[in-house]
Amino acid sequence: MTQLIDIWTGMTPARRAVAVLSVIATVVTLAALTRMVTQPGLALLYSGLEDGQAGDVVRALEQRGADFDVRGGAIYVSRARRDELRMTLASEGLPRNTTQGYELLDSLSGFGMTSQMFDAAYWRAKEGELARTIAASPQIQSARVHIANAGSNPFQRDLKPTASVSVGGSGSLTAGQVRALKFLVASAVAGLRPEDVAVIDGAGELLAGDPDPAPDTAGADRADRLRDKVQRLLEARVGYGNAVVEISLDTETDSESIRERRFDPDSRVAISTETETRSGTSSNGSGEVTVASNLPDSETGGGGSSSQSSENRERVNYEVSETEREILRVPGAVKRMTVAILINGQQVTQEDGTTEFTPRTEEEIATLRDLVQSAVGFDEDRGDVITIKSMLFEEIVPEGTQVSDGWLQDFAPDPVSIAQIALLAVVALILGLFVIRPVLRAPPAGLSSLPAPATGAAAPEPEGEALTGEIADDDFALPDLPIISDFDTGGLPGFDGTDSGDDPVARLQSLITERRDEAVEILRGWLEDREEPAQ
């Protein structure tokens, strides 16, 4: 501390000002660098918001005193508070959806409202409701729906409604999701078909979904479901990660329709019976026909004959047994199923305390096979095959380094911040090496104006060597100093008029040791004296 005071005392006012300004600049630079390094990283809170929505979010952040930064159309907050702020803003309904739905109809009044105005408001409200429903999907951030309704004009025919949907999100939509959006809009509008709905993404590209899933896709989905079912069943016994299941399904890919009609003649049923009976009588004489026989009172004639007849007729109606069957075979039916299961061996402790893996027993394999057969619907007549083997799994060595939380987790600056930190570090280094260090190491201003030594004095020290305050024991000759008459020597030998016979250097060292304070004051007076002494 004394050395710094001496250096400060020996500086000129200009050097003092330069030193003070350099120290202040270095401190400010180091403080700014420390603040930038220790400042928590910013994370994205919301992006792609409309001006009104962004204003509401910024106002809510200012009320909570949260640090935020607006970059273009995105809002960044502290990484440590991002999740907390999202949940808090969501509880308050922020960012608020500006799309209005059926509440738009609440503001309508019957006075002065025409049917065309009501229809326009109704379709606008329906579009808003559909947009809200679509935007509720996690992969969709914004949605707009436009419906072209044919109206109720009786003079217009063959007009079908159409619709278009514009979606914007962070990820691409799959074909199934696009198809779901089409059915969602088509189901909300009467007479609208899914193929009449156009879906456009944020890049302006038309998204088309497959009308029906392919048969191969349906079979793959069924195989995945069966594999997950068997995997859960086996892992409950052998443990997680100790079973690998693969299922292959051979499915029908063709559709077929069969109509069959059969008649069984041996199986008949009487449905009606009809019975008819006829009877009659006839007579005849001799059999000869003459004129006398035709006279009224004729006694001529021969003997006659008579006959009587009867007829019965029965009709029975039968219905023959008939069987009519129609078989419709659609793609996706399972023709054959193959199941392959690989089970890891079990760890067994030996008598010496060591552990080793051994395959599963046959009894356990048989029990697991029965469980799998019941789970997948095994059919031996269909040609299904189930194969279960127990083998030792190879240990998987993780590649790379394991990710762990560290102090650099929250430090994720952007390139601009890295450039600013590097620039401030360079400035601080320059100020420290080329400004402060030379100023502090410069010799005091009083050393350049020291009085010249008297005759017989030793040569002064070379310029640039600092004073150490120690008197060397080499050839050093004191100058002829004037004797101060009123100076109290304290009875020291050599200063009271008596000769001690000692070396003068030894006497001076003894004097400085006894009167250190007075010697320092004398030396300081010599250093501060800037006038050239008279010769």
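No experiment lies behind these values; they were computed from the predicted model shown.

Calculation rules
- The written sequence of each chain sets the order in which its residues are numbered from 1.
- Local features in this predicted model are restricted to residues whose pLDDT is 70 or higher, and side-chain atom pairs enter the listing and the counts only when it is 80 or higher, whereas totals over whole chains, interfaces and linings include all residues.
- Side-chain metrics in this entry use all non-hydrogen atoms of the structure; hydrogen atoms and water are not considered.
- Two strands pair if DSSP finds at least two bridges between them.
- A run of H or I in DSSP counts as a helix once it spans at least four residues, and a run of E counts as a strand once it spans at least two, with each numbered from the N terminus.
- The definition of a nonpolar core used throughout is a set of buried Ala, Val, Leu, Ile, Met, Phe, Trp, Tyr and Cys residues joined through side-chain atoms within 4.5 Å.
- The rule is simple: take the accessible area with a 1.4 Å probe, protein chains only, and divide by the maximum for that residue type; under 20% is buried, over 50% is exposed, in between is partly exposed.
- In this analysis, two residues are considered to be in contact whenever any of their non-hydrogen atoms come within 4.5 Å of each other.
- Any residue with relative accessible area above 30% and no salt bridge may belong to a patch, with like charges joined within 9 Å and the nonpolar Val, Leu, Ile, Met, Phe, Trp and Tyr side chains within 5 Å.
- Computed by Shrake-Rupley with a 1.4 Å probe, the accessible areas treat only the displayed protein chains as cover when residues are assessed.
- For salt bridges, the criterion is a side-chain nitrogen of Lys or Arg within 4 Å of an Asp or Glu carboxyl oxygen.
- Here, axes are lines fitted to C-alpha atoms. For helices the fit covers the stretch in contact, and angles between N-to-C directions go from 0 to 180 degrees.
- Any angle that is under 35 degrees is reported as roughly parallel, and any over 145 degrees as roughly antiparallel; angles of 65 to 115 degrees are reported as roughly perpendicular and all others as oblique.
- Helix crossings fall into two classes, left-handed where the near helix is turned counterclockwise from the far one by less than a right angle and right-handed where it is turned clockwise.
- We call Asp, Glu, Lys and Arg charged. Ala, Val, Leu, Ile, Met, Phe, Trp, Tyr, Cys and Pro are nonpolar, and the rest, Gly among them, are polar.

Draft legend 1. The arrangement of the pairing of strand β5 (residues 162-168) in detail. Both strand β4 (residues 142-148) and β5 contribute to a ladder of seven bridges, which runs antiparallel. Counted as the bridge partner of Ile-147 is Ala-163 from β5. Relative to strand β6 (residues 197-200), β5 runs parallel, the two sharing four bridges. From the neighbouring strand, Ser-164 faces β6, where its bridge partner is Ala-198.

Draft legend 2. Representation of the nonpolar core in the model. The biggest cluster of nonpolar side chains holds 21 residues, and the ones touching the most others in it are Ile-134, Val-167 and Val-185. When sequence neighbours within four positions are dropped, the list of residues in contact with Ile-134 reads Ile-140, Ala-143, Val-145, Val-165, Val-167, Leu-181, Leu-184 and Val-185. Of all hydrophobic cores here, the second largest spans 19 residues; its members include Val-230, Ala-243, Val-376 and Ile-386.

Draft legend 3. Geometry of a nonpolar patch on the surface. On the surface, Trp-8, Val-20, Leu-21, Ile-24 and Val-28 cluster together to form a nonpolar patch covering roughly 480 Å² of accessible area. At four residues, helix α2 (residues 13-38) tops the list of elements feeding residues into the nonpolar patch. With respect to the helices, strands and loops of the structure, Val-28 is situated in helix α2. Overall, the relative accessible area of 51% leaves Val-28 in the exposed class.

Draft legend 4. View of the packing of helix α5 (residues 115-135) against helix α6 (residues 175-188). The contact between α5 and α6 brings their axes to 11 Å, and the two run at 150°. Relative to α6, the element α5 is oriented roughly antiparallel. Viewed along their axes, α5 and α6 form a crossing whose handedness is right-handed. Contacts between α5 and α6 involve Lys-126, Leu-130, Thr-133 and Ile-134 from the former and Leu-181, Leu-184, Val-185 and Ala-188 from the latter. Class assignment for the residues of the contact of α5 with α6 results in six nonpolar, one polar and one charged.

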